[in-house]
Amino acid sequence: MRKPGALLASVAAAAVLGGAVGCDAVGGNSAGPTGAKAHRAKPTAPAWDASPASVAAVGDSITRGFDACTVLSDCPEVSWATGSSAKVDSLAVRLLGKARAAEASWNYAVTGARMADLPGQMAQAVVRKPQLVTVMVGANDACRSSTSAMTSVAEFRTDFEDALGTLREKLPKAQVYVASVPNLKRLWSEGRTNPLGKQVWKLGICPSMLGDADALDSAATLRRDTVQKRVEAYNEVLKEVCGKDRRCRFDGGAVYAYRFGTDQLSHWDWFHPSINGQARLAEIAYHAVTAKES
């Protein structure tokens, strides 16, 4: 990620140097002895534009607003990224305004998607030529039937690099906002306080982390710690890969670090974000996208 302030300072310094070379001994702008004209550095526009004119979203069920409105259903109108609901005030609405967001924001996220699905979603998104693409994916890579079934860190990296490559091939100047993978262990610790939530989890929601929710033995603790470490490794990959792209911003781990409570969890499954949770994600994203420095 680049720091616009540092970049502009470098440009200013280059301009001063160019002016010094082009001036004669008495401070004029006459040509030098060879007749060559002074060359001044041209200002370079910052790599990051905090006011994109269009937004496309890729990712998983969180970006689809799954279980936020009704049970076992997508509710894209409350999506943190592109939703139209005033209760959420999505990133697209904050950046574009409600009327413009209705015409120039698109949601290609798919419930159940993993990182391996991201290149395909990105291929769909680039057709719209969005100026900003939001990415939130990774929870399903860790939420598997067992820890051994989780996506490897190497595969996660390769698929993320492929997705960005797909974008860059068609839209080299498009910007990307990448949200960190949520803290699944906090999800367990918060959700397990609700008896109904634990019953719902038994239906098979994120068994690698949420299975046997009340078990506190060494095996259960090791299982949860293994999932947590994998999530942290995924976030490190997102940070590293995004950091190599001057038009990509990682949230700095803000989603992972957010100390959500049960109010931010769907009361249908105690796993996905509620409408309140979606609003909090929109706030985090807007802050990251509009910050002067990444």
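Above this text sits the structure in question.
With that out of the way, let us pick up the state of the cysteines. Here a disulfide denotes a covalent bond joining the sulfur atom of one cysteine to the sulfur atom of another. Evaluated as defined, the whole model comprises 3 disulfides. Shown here is the disulfide that connects Cys 143 with Cys 206, its sulfur atoms set 2.0 Å apart. Taking the torsion about the sulfur-sulfur bond, which here is approximately -80 degrees, the covalent link between Cys 143 and Cys 206 counts as left-handed. Residue Cys 143 is located in the loop between α6 (139-142) and α7 (153-170), and its partner Cys 206 is located in the loop between α9 (195-201) and α10 (207-210); the two are separated by 63 residues in the primary sequence. By sequence order of its bonded cysteines, the chain has the disulfide arrangement 1-2, 3-4, 5-6.

Turning our attention to the nonpolar core. Of all hydrophobic cores here, the largest spans 78 residues; its most connected members are Trp 80, Val 135, Tyr 177, Val 178, Leu 184 and Leu 210. The element contributing the most residues to this core is helix α11 (residues 218-243), with 7 residues. If we skip the residues at most four places from it in the chain, Leu 184 touches Ala 139, Ala 142, Cys 143, Cys 206, Met 209, Val 227, Gln 228, Val 231 and Phe 271.

Turning next to the packing of aromatic side chains. As enumerated under the stated definition, the model contains 2 aromatic pairs in all. Between Trp 80 and Tyr 177, the aromatic rings sit 6.1 Å apart at their centres with planes inclined by 70 degrees, giving edge-to-face as the arrangement. Separated by 97 residues along the polypeptide, Trp 80 in the loop between α2 (61-64) and α3 (91-96) and Tyr 177 in strand β4 (residues 175-178) bring together distant segments of the chain. Accessibility assignment for this pair places Trp 80 and Tyr 177 in one class, buried. Of note, Arg 186 hangs over the ring of Phe 260, and the distance from its end group to the ring centre comes to 5.6 Å.

The rules behind each value
- Residues numbered from 1 in each chain as written.
- Predicted model: local features only at pLDDT ≥ 70, side-chain atom pairs only at ≥ 80, totals over all residues.
- Heavy atoms only, no water.
- Disulfide = S-S within 2.5 Å.
- Helix = DSSP H or I, 4+ residues; strand = E, 2+ residues; numbered from the N terminus.
- Core = buried A, V, L, I, M, F, W, Y, C linked by side-chain atoms within 4.5 Å.
- Buried < 20%, exposed > 50% of the residue type's maximum accessible area, 1.4 Å probe, protein only.
- Contact = heavy atoms within 4.5 Å.
- Phe/Tyr/Trp six-rings, centres within 6.5 Å; stacked < 30°, edge-to-face > 60°.
- Lys NZ or Arg CZ within 6 Å of the ring centre and 35° of its normal.

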